[in-house]
Amino acid sequence: HGFARLALGDDARAVAFALLFLVNPSLHGINLRDFHPQALAIPLLLAAVYFFEARRTALFWISASLALATREDAALPLLGLALWGGLARRRYWTGAMLGAVALAWLFATTTLIIPYFRGAPYPHLGRYGYLGGSVGEIILEMLLHPFAVLGTAFSPSRLLYLGAILAPFGFLPLLAPAGLIPAFPALAQNLLSTDPVLFHHRAQYNVFVLPFLVTAAVFGFRRLSERWGAAAARSVLACAFFFSLALTSRTLNDLMVTRWWPGERQRAAYAVLAQVPPLASISADERFIPHLSHRPKAFVFPTALERSEYVLINAAAYPWRHLPGYRLERQGNTATMTVGTTGAEYRYEVVAERALILLLKKAW
C-alpha cells in the first residue's frame, strides 16, 4: 500500500493494489504449503523497494539484509534489485554495493556454509545440471549459450507459467519492463529449472518473483493511466481481480477450513510429536518439520538417518514414490529401514502410532 501510494499519489488506488496483492493466487499457494523461511522475504523485499524509492537508506539496507538472511538464493532478487537500482534509477553506488553483497552471499552459502553444515555439496544445483555443476559454471554457460537458454526458458509449459503469474496483475507489468528488472534473476531460476514445481504459479518458488510483479504492475498502471486514461486503467485492474479469483480456485478454496482447523489426522500427528524427547535428534517427513524446527537437530526425512535417534514418517504414503531406493519392513513393534542405493540398514522400535503416523526410535 505504501509503495503504491508513493508511486501513484492516490490512496484509493493504493488500497486497490493492496487488495489485488492479497487475493493473488501465487501468494495463496505460498501460504498453503508447509512453512518455508523464504516466504518471510515477501514483505521484506516490498519494504526494500519502498524504502529505496522513498530514499530512506538505512531502512532500505535493513530490509535488504533481513531478506538476504531468509535463504541462500535470496541473493537472486537482491541482484535484480541492484541492477534495477543502478540501471533504471541510476543510483550506481547503492546498486554496486548491493550486487557485491548479494553475489558474496550466494557463493559463500552454496560453496562453503551449507556444504560445511550439511556434510555434503549444495543439493539443489542438480535442477540445472544441463548448465553446469556449480553456480559459476551455470552462470558461465548462460553467458556463452544465451539462445539455448532462451529456448528452454520459453518452452510451452514455461510460457503457460508466465501467463499464470502475469494474468493476476492484468499483464500490467509488461507495460513497465524496467520495473521487471528485479524479478529477472529469480524468474530465470524458475524458468531454467528441470523441476516443473519451480515453474508453477502456486509453488513457493514464486516468493522472490511476486514482490516485483506487484511493483511493476503499479508502474504499468501509472503508464496506462497516462496514455489511455483512468477509466481504461481501472478496467484492467478489474480484469486482474477476476483472473486472480479464477486462478486461485473456483470455490475460493472452501475458505481453507481444512488447512487451519485441525482434524483427526492433525490431532493424531500432534499426539505422536509430543512423544519425541525435546533434545532428541529426529529425521521427519517434511510436513512435520515446521513443528520440529525449534529443535537443535531436526532433518527432513530421509536426511541424516545415521545421526537421528528418532524417525517420524507418514506410513500412509509408503511406498515412497520419490524415494524408490528406500524400503520399510515391519514386524510387530520393530521396523527395518533399508537404503537400496547404499545398502545401509537401520533398525527401529515403533514407540508411537496413530492414523498411520509412525514414530520410530533407533535400536542401537
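Here, every reference points to the structure presented above.
Think of each chain on its own: its residues are numbered from 1, step by step along the sequence as written. Reporting in this predicted model follows two pLDDT cut-offs: at least 70 for local features of residues, and 80 or more for side-chain atom pairs to be given and counted; totals over whole chains, interfaces and linings ignore these cut-offs and use all residues. Hydrogens and waters are ignored; side-chain quantities use all the structure's heavy atoms.

**Overview of the packing of helix α2 (residues 11-22) against helix α13 (residues 230-248)**
Lines fitted to C-alpha atoms define the axes, with helix axes restricted to the stretch in contact, and inter-axis angles between N-to-C directions lie between 0 and 180 degrees. The secondary structure listing takes helices from DSSP runs of H or I that are at least 4 residues long and strands from runs of E that are at least 2 residues long, numbered from the N terminus. At their nearest, the axes of α2 and α13 sit 10 Å apart, and the two run at 20° to each other. When the axis of α2 is compared with that of α13, the two are roughly parallel. When you trace α2 past α13, the crossing you get is left-handed. Residues R13, A16, F17, L19 and L20 of α2 form the contact with α13, whose participating residues are A230, L237, A240, F241 and S244. Just so you know the grouping, Ala, Val, Leu, Ile, Met, Phe, Trp, Tyr, Cys and Pro go in nonpolar, Asp, Glu, Lys and Arg go in charged, and all remaining residues, Gly too, go in polar. Of the residues that constitute the contact of α2 with α13, the class distribution is eight nonpolar, one polar and one charged. Orientation categories follow fixed angle ranges, with anything under 35 degrees roughly parallel, anything over 145 roughly antiparallel, 65 to 115 roughly perpendicular, and all other angles oblique. Crossing handedness: left-handed means the near helix sits turned counterclockwise from the far one by under a right angle, and right-handed means the same turn made clockwise. The contact rule is simple, with two residues in contact once any of their heavy atoms fall within 4.5 Å.

**A short note on the sheet that holds strand β5 (residues 334-339)**
Paired strands, in this sense, are two strands between which DSSP finds at least two bridges. Strand order in the open sheet formed by seven strands is β2-β1-β3-β7-β6-β5-β4, with mixed pairing between adjacent strands. A single partner strand is all that each edge strand has here, and the edge strands are β2 (298-300) and β4 (326-331). Adjacent strand axes in the sheet meet at a mean angle of 30°, parallel and antiparallel pairs treated alike. In this structure, β5 lies alongside strand β6 (residues 345-354), joined through five bridges in antiparallel fashion.

**Description of the environment of L360**
Structurally, the position occupied by L360 is in strand β7 (residues 357-362). In this scheme, a residue with accessible area under 20% of its type's maximum is buried, one over 50% is exposed, and one in between is partly exposed, where area comes from a 1.4 Å probe on protein chains only. A relative accessible area of 0% places L360 in the buried class. Between the C-alpha atoms of L360 and Y348, which are 12 residues apart in sequence, the distance is 5.6 Å. When residues no more than four places from it in sequence are discounted, the contact partners of L360 are E309, Y310, V311, I313, L328, A335, Y348, E349 and V350.

**Some thoughts on the packing of aromatic side chains**
Under the pairing criterion, centres of Phe, Tyr and Trp rings, with the six-membered ring standing for Trp, must be within 6.5 Å; the plane angle then separates stacked pairs below 30 degrees from edge-to-face pairs above 60, leaving the rest tilted. Across all of its chains, the model carries nine aromatic pairs by this definition. Taken together, a centroid distance of 5.0 Å and an interplanar angle of 85° make the contact between Y116 and F117 edge-to-face. Of the two residues examined, Y116 and F117, each falls in the exposed class. Positioned above the aromatic ring of F52 is the side chain of R91, whose terminal nitrogen or guanidinium carbon lies 3.8 Å from the ring centre. Criterion for a charge above a ring: Arg CZ or Lys NZ at most 6 Å from the ring centre, at most 35 degrees from the ring normal. For the cation-ring pair, R158 lies above F199, with the distance from its terminal atom to the ring centre recorded as 4.2 Å.

**Description of the pattern of salt bridges**
Whenever Lys or Arg places a side-chain nitrogen within 4 Å of a carboxyl oxygen from Asp or Glu, that contact is recorded as a salt bridge. Inspection of every chain in the model, using the stated rule, returns eight salt bridges. Of the charged contacts, one joins R71 and E72 as a salt bridge, the two residues approaching to 3.7 Å between their closest N and O atoms. A relative accessible area of 18% means that R71 is categorised as buried. Residue classification places E72 among the buried residues on the basis of a relative accessible area of 10%. Between D73 and R71 there is a salt bridge, and its shortest N-O distance comes to 2.6 Å. Among the charged side chains, a salt-bridge network with shared partners connects R71, E72 and D73.

**Structural notes on helix α6 (residues 75-88)**
A helix's residues, less one, multiplied by 1.5 Å, set its expected span. Here α6 spans 19 Å end to end across 14 residues, near enough to the 20 Å set by a 1.5 Å rise per residue. Most of α6 sits inside the fold, with 11 of its 14 residues counted as buried. Along α6, the residues that are buried comprise A75, L76, P77, L78, L79, G80, L81, A82, W84, G85 and G86. Looking at the buried positions of α6, the neighbouring elements they touch are α4 (41-53), α5 (57-68), α7 (92-118), α11 (184-191) and α12 (210-228). Backbone geometry just after α6 places R90 at a positive phi near 55°.

**Overview of unusual backbone geometry**
A cis amide bond links F301 with the next residue in sequence, P302, at an omega value of 10°. Mapped onto the fold, P302 is located in the loop between β2 and β3 (310-314). The phi torsion at A304 lies on the positive side, around 60°, for a residue other than glycine. Take A304: it is sitting in the loop between β2 and β3. Take A304: its relative accessible area is 7%, and that puts it in the buried class. Notably, A355 is not glycine yet its phi reads approximately 55°, a positive angle. With respect to the helices, strands and loops of the structure, A355 is situated in the loop between β6 and β7.

**Re the nonpolar core**
What we call a nonpolar core is a set of buried Ala, Val, Leu, Ile, Met, Phe, Trp, Tyr and Cys residues that are connected through their side-chain atoms within 4.5 Å. Ranked by size, the top nonpolar core spans 75 residues in total, and within it F17, L78, L81, I165 and L210 carry the most contacts. Considering every element that reaches this core, the biggest residue donor is α12, with 10 residues. Excluding anything up to four places from it in sequence, L81 contacts A48, V49, F60, L98, P182 and F212. By size, the runner-up hydrophobic cluster in this structure holds 17 residues, among which are L323, V350, L358 and L360.

**A word on the pairing of β7**
Here is the key point about a regular strand: its side chains alternate between the two faces of the sheet. For β7, the tally of buried residues reaches five of six residues, placing the bulk of the element in the interior. Relative to β7, β3 is paired through five bridges, and the arrangement is antiparallel. Directly across from N314, in β7, lies its bridge partner I357. Across six bridges, the pairing between β6 and β7 is antiparallel. Paired with V350 across the strands is L360, a residue of β7. The antiparallel pairing of β6 with β7 creates a hairpin that spans two residues between the two strands, and A355 there sits at a positive phi of about 55°.

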